[in-house]
Amino acid sequence: MKRRDVIKSLTLLPVAGSTLPIQSLVSASAAENNPVLAPGPKPMPELHRKAFVMDGHTHVMSRELVLKSDIGERYPDGTVDLQRAKEGGIDALFFSVYTPENYYPGRFETKNTFRVVNLALDQIKKNDALIELALTASDIERINKKGKMAAFLDLEGGFDLYGDLDLLRALYKLGLRSLQLTAHSTTNAFIDACNDVYTWGGINDHGRAVIREMNDLGMIINVAHASNDAIIQSAAASRHPVVYTHGGFYSIVDHPRCISDKAAKAIAAKGGVIGVHFGSLFNNPKYWAWQKPNYPIRVQPNPQPKIPRILATQVTNQTIEDVDKEFARELPFTYNETIPDEYWMHVDQLAKVIDYGVNLVGEDHIALGSDLDGGPELPREIKDISDYPQITIAMQKLGYSDQRIRKILGLNWLRVIRQVAG
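These numbers come from a predicted model, not from an experiment.

Considerations on the side chain of R177
1) Next: Looking at where R177 falls in the secondary structure, it is placed in the loop between α8 (165-174) and β5 (178-180).
2) Next: In this structure R177 touches L135, F152, L153, Y172, G218, M219 and I220, once residues within four positions along its chain are discounted.

Thoughts on the packing of helix α16 (residues 347-361) against helix α17 (residues 389-397)
1) Next: Where α16 meets α17, the closest approach of the two axes is 9 Å, and the angle between their N-to-C directions is 65°. Regarding the angle of α16 to α17, the classification is roughly perpendicular. Two packed elements cross with a definite hand, and for α16 against α17 that hand is right-handed. When α16 is examined against α17, the residues V347, L350, A351 and I354 are found in contact with a partner set consisting of Q390, I391, A394 and M395.
2) Next: Grouping the constituent residues of the contact of α16 with α17 by class yields seven nonpolar, one polar and no charged.

Quick look at the pattern of salt bridges
1) Next: Scanning the entire structure with this criterion turns up 27 salt bridges.
2) Next: For R107, the salt bridge is made with E109, and the minimal N-O distance between the two is 2.5 Å.
3) Next: Taking relative accessible area as the criterion, R107 reaches 26% and is therefore assigned partly exposed.
4) Next: Residues E132 and K148 are paired through a salt bridge, measuring 2.8 Å at the closest nitrogen-oxygen approach. Residue E132 is found in strand β3 (residues 131-133), and its partner K148 is found in the loop between α7 (137-145) and β4 (149-157); the two are separated by 16 residues along the sequence. Residue E132 shares its accessibility class with K148, and that shared class is buried.
5) Next: Here the salt bridges share partners, and the residues they tie into one network are D128, E132, D139, R142, K146 and K148.

So, the confidence of the model for the protein
1) Next: Chain-level statistics for the protein give a pLDDT mean of 89 and a share of 88% at 70 or above.
2) Next: Confidence over residues 1-38 falls short of pLDDT 50; this stretch has 68 contacts with residues more than four positions distant or in other chains.

A closer look at the packing of helix α6 (residues 109-126) against α8
1) Next: Running from N to C, α6 and α8 cross one another at 10°; their axes reach a closest spacing of 11 Å. Comparing their axes, α8 and α6 come out roughly parallel. When α6 is examined against α8, the residues T110, T113, F114, V117 and L121 are found in contact with a partner set consisting of L167, A170, L171 and L174.
2) Next: Looking at side-chain class alone, the contact of α6 with α8 contains seven nonpolar, two polar and no charged residues.

What counts, and where the lines are drawn
- Residues numbered from 1 in each chain as written.
- Predicted model: local features only at pLDDT ≥ 70, side-chain atom pairs only at ≥ 80, totals over all residues.
- Heavy atoms only, no water.
- Helix = DSSP H or I, 4+ residues; strand = E, 2+ residues; numbered from the N terminus.
- Contact = heavy atoms within 4.5 Å.
- Axes fitted to C-alpha atoms, helices over the stretch in contact; angles between N-to-C directions.
- Parallel < 35°, antiparallel > 145°, perpendicular 65-115°, else oblique.
- Left-handed = near helix turned anticlockwise from the far one by under 90°.
- Nonpolar A, V, L, I, M, F, W, Y, C, P; charged D, E, K, R; others polar.
- Salt bridge = Lys/Arg side-chain N within 4 Å of Asp/Glu carboxyl O.
- Buried < 20%, exposed > 50% of the residue type's maximum accessible area, 1.4 Å probe, protein only.
- pLDDT = per-residue confidence, 0-100.

Here it is in C-alpha cells:
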C-alpha cells in the first residue's frame, strides 16, 4: 500500500496540546458531546480511499481573518478544517480566498484580497505537516506522494472592480492560480454577475483582455456567479478550458445562480468542468419551492453599458476594520439553520444532480464544488468535509463505474489544472 493510501485511510486525532480558538462561538465541550462534531472513524469505501479527491470550492480564510483562528486545528463548528478534510479523504482543494460585497462600497476589495492571499500562504506554511501550496498539477501529485493535501489558490470575489491587469499579475506572482471573474455576485466593470443588474450583455472588451491575460499567465478562469451570457462568451473568448467551480443546474432549480444547459455545454465544449454545489438551494426543487418567496427575481432590462452601480459611489466613513466586524456577523458557521424534514434533501438527491450533469455534458466535465463553510444547506448525510465519502457511496448506488467516479471525485479538476497551469 502506498504511503498516501496509508495516511488517507487513517482517522486523524486532534494534535496533542492544541487549543481551540477562543473566538469560536461554540465551546469545545459542544464538540465532545455532539457525535456529529466529535472526531471518530467514518465509513470510507475502498474506492474513495484510493481515488484522488479534490473539492473545487471550499471557503477557507474568512474565519481565520476575522476570528484569528488556525485552519490546522479541529473547529467545534463550521464544516471545514484540515483535520476533518484529511478524515474525508481529501487530497487537494481549491483553497478559496474570499473578497465579498462588504468590501466593495469602501473600495477595500484590493486590500482585502492581498491580505487574505497572504494569510492563506501563512496558514499553509504554518500547517506544513498537513498541506502544501500547489501551482501546477505536477505539484499536486508531488505533494500527495508525501501524504499531504495540496492547496490550489482560487479567488472568489473582486480583486479589483476595474480589473487592473497589473494587480492580476501581482496576484499570480504570489501564487494565485484561479480567479472568479465576477465580483462575487456583483457586476463589475467588465463582466455581468448572474443575479445583479446586467450591464455588458455578458463581457465587454476589458473582460476579454482579462481573459487573454489569464490565458497568457496560465490561470484558471472561474465563471461561477457569472450570467449565462457571460459564461458562454467567456468560454468562447478563452484559449483554454474554463471552469464553473460551484453551482447547480437551472433545469433542476430555476435559481439565477444555477447554470443553463446551453452555458454548461459551452464549458464542456471548451474542455472545462462544472463543479456541483452541495446545497439544497441549488439542487433540491422542494427546498427551492419553499424558499423561493424569499428570493424575488428581478426582471432584467436590456443591457445598457454604463458605470456599474457598485462603482457609482464610494463609502468613505468606514475603515476596513469596521467592515471586518460587519462581515464577521455574517459568517455562516456562526449560526445553524433548521430545515424541516420535508425540505431537507438526502445525498441521493445530490447524486441525481450529478447524474443530470453527466447525461448533459459527459463524465469528463462534471466534478464537485461543495462551497463548504460558504453556507450551503447540506444533505442529511453530510455534516462537514469529513463526510465526503458519502458522495462516493451515493454515486456507487447509481451504478457508476469506478473510473467515472474517479473522474468526478477529482481527476477532471486535475486534468484542467494540467492543461491550463501545467
